[in-house]
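# Fold and contact review
The primary structure of each chain is shown beneath.
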Amino acid sequence: MSRPATRVLALLEILQERGLVPADELARSLDVDARAVRRYITALRDMDIPVESVRGRYGGYRLARGVRLPPLMLADDEAVAVAVALATGKQHEQVGEPGPTDRALVKLNRVLPAPLRRRVTALIAATSATAGPLTPEPHLALTLAAAVHARHTVRIEHTRGAREVDPYGLVVHARRWYLVGHDHLRAAIRMYRLDRISGAAELPGTFTPPDGFDPVSHVLHTLTLGAWTHRTEVWLDTDLDTARDHLPATFGDLHACPDGGVLLVSGAENLPAMARILTGLPWPFTVRNPPALVAALAEHITALTLAVARSHPAP
């Protein structure tokens, strides 16, 4: 086991199954030193799990008498889904010390039936994630979520200044959390990254969201078009369903054309990079706008032609 969370889980399981266990035996079972065992015992106590210390030659640690909780009624797939979500969401926690995610995993395993608990613990120990969603400040996220639910206007302290916003929803995309809502100052719908909001407070005012408004679609559309210098339009020789299956939602907006094919409306900061992406598509295409993208595509094709000539010189 490599994660503090899995060692804490293993420690709890040993205490549940065996009662009083000497400290040195716990250290050997967990492959840690006595100091680490004391740290994990403290972590369990911090989570309101009563662990008793018994001094003397035959002393050790044990759970307080009568501590047994009924199993949480989760099916296997439900327990796995919760555990994976917690494990892959672990971010920015101090190395070697149980953090909020570790504590949540311990509490989950504490109430699972023993066979399922062992399987979930093994899954967590065997799984690593390069990145998960950046965890927002808990009080901020809870305040904003409550305001979305109650349809209360909020005042947020943003890096660009204070704002009053009618919050329509919270969206997690590409590891970032976004608040989407109507900005009273700008009189328009805006989105704000939560890592750039230092505080939020509900206000007495209420609002009614626009009919059919989808915060997810707004975030995807804004990230696709709103942040780029160049607006691009490319006709694709395929059908809408096939294009949607092959292209990520952030690649652009897809529209079926009346005469056949699909119009891809997207954005780009770097047109040469966009040209390279287009040549990797599996369908014939036609660039409609901007003309500068056509020029970038021509330069890329010339470079590819030269590369082919160098690789296969004429006899």
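First things first, this report covers the structure right here in the doc. The shown structure was predicted, so the numbers you read here are calculated from the model rather than taken from an experiment. (Residues numbered from 1 in each chain as written. Predicted model: local features only at pLDDT ≥ 70, side-chain atom pairs only at ≥ 80, totals over all residues. Heavy atoms only, no water.)

### Structural notes on the packing of helix H1 (residues 4-18) against helix H3 (residues 34-46)
The cut-off we apply is this: Only C-alpha atoms enter the line fits that serve as axes; for helices the fit covers just the stretch in contact. Angles between N-to-C directions range over 0 to 180 degrees. Starting at the N terminus, helices and strands are each numbered in turn, a helix being any DSSP run of H or I of at least four residues and a strand any DSSP run of E of at least two. An angle below 35 degrees is read as roughly parallel, one above 145 as roughly antiparallel, one from 65 to 115 as roughly perpendicular, and any other as oblique. Pairs of residues are marked as contacts when any of their non-hydrogen atoms sit within 4.5 Å.
Orientation of H1 relative to H3, taken along the N-to-C sense of each, is 80°, at an axis distance of 10 Å. Taken together, H1 and H3 sit at an angle that is classed as roughly perpendicular. Here Pro4, Arg7, Val8, Leu11, Leu12 and Leu15 of H1 lie close against H3, whose contacting residues are Tyr40, Ile41 and Leu44.

### Some thoughts on the pairing of strand S9 (residues 253-256)
Working note: regular strand, side chains alternate between the two faces of the sheet. What counts is decided by this rule: Pairing between two strands requires that DSSP report at least two bridges joining them.
Bridging between S9 and strand S10 (residues 262-268) involves four bridges; their strand directions are antiparallel. Residue pairing for S10: Asp253 is matched across the bridge by Val265. Hairpin connection of S9 to S10: five residues between the antiparallel strands, including Gly260 at a positive phi of 105°.

### Focus: the pattern of salt bridges
Short version of the rule: Just to be clear on terms, a salt bridge is a Lys or Arg side-chain nitrogen sitting within 4 Å of an Asp or Glu carboxyl oxygen. In this scheme, a residue with accessible area under 20% of its type's maximum is buried, one over 50% is exposed, and one in between is partly exposed, where area comes from a 1.4 Å probe on protein chains only.
This model, assessed by the stated rule, comprises eight salt bridges. For Asp24, the salt bridge identified is with Arg28, shortest N-O distance 3.8 Å. Within this pair, Asp24 and its partner Arg28 are both found in helix H2 (residues 23-30), separated by four residues, close to a single helical turn. Owing to a relative accessible area of 47%, Asp24 belongs among the partly exposed residues under this scheme. Taking the relative accessible area as the measure of exposure, Arg28 reaches 58% and is therefore exposed.

### Some remarks on the side chain of Thr232
As for its placement among the helices and strands, Thr232 is situated in strand S8 (residues 230-236). Classification of Thr232 as buried rests on a relative accessible area of 0%. Sequence-distant contacts of Thr232, defined by excluding residues within four places in its chain, comprise Leu264, Val265, Ser266, Gly267, Ala268, Leu271, Met274, Asn289, Pro290 and Leu293.

### What about a positive patch on the surface?
Selection rule: In this scheme, patches are assembled from residues that exceed 30% relative accessible area and form no salt bridge. Like charges are connected within 9 Å, while nonpolar side chains (Val, Leu, Ile, Met, Phe, Trp, Tyr) are connected within 5 Å. With residues, only the protein chains shown are counted as cover, and all accessible areas are computed by Shrake-Rupley using a 1.4 Å probe. For the charge count, each Lys or Arg is scored as positive and each Asp or Glu as negative, with His and the chain ends excluded. The atoms used to mark charge sites are NZ of Lys, CZ of Arg, CG of Asp and CD of Glu.
Taken together, Arg160, Arg186, Arg190 and Arg196 make up a surface patch of like positive charges. Tracing the backbone shows Arg160 in the loop between strand S3 (152-158) and strand S4 (161-173). On the accessibility criterion, Arg160 (68% relative accessible area) is exposed.

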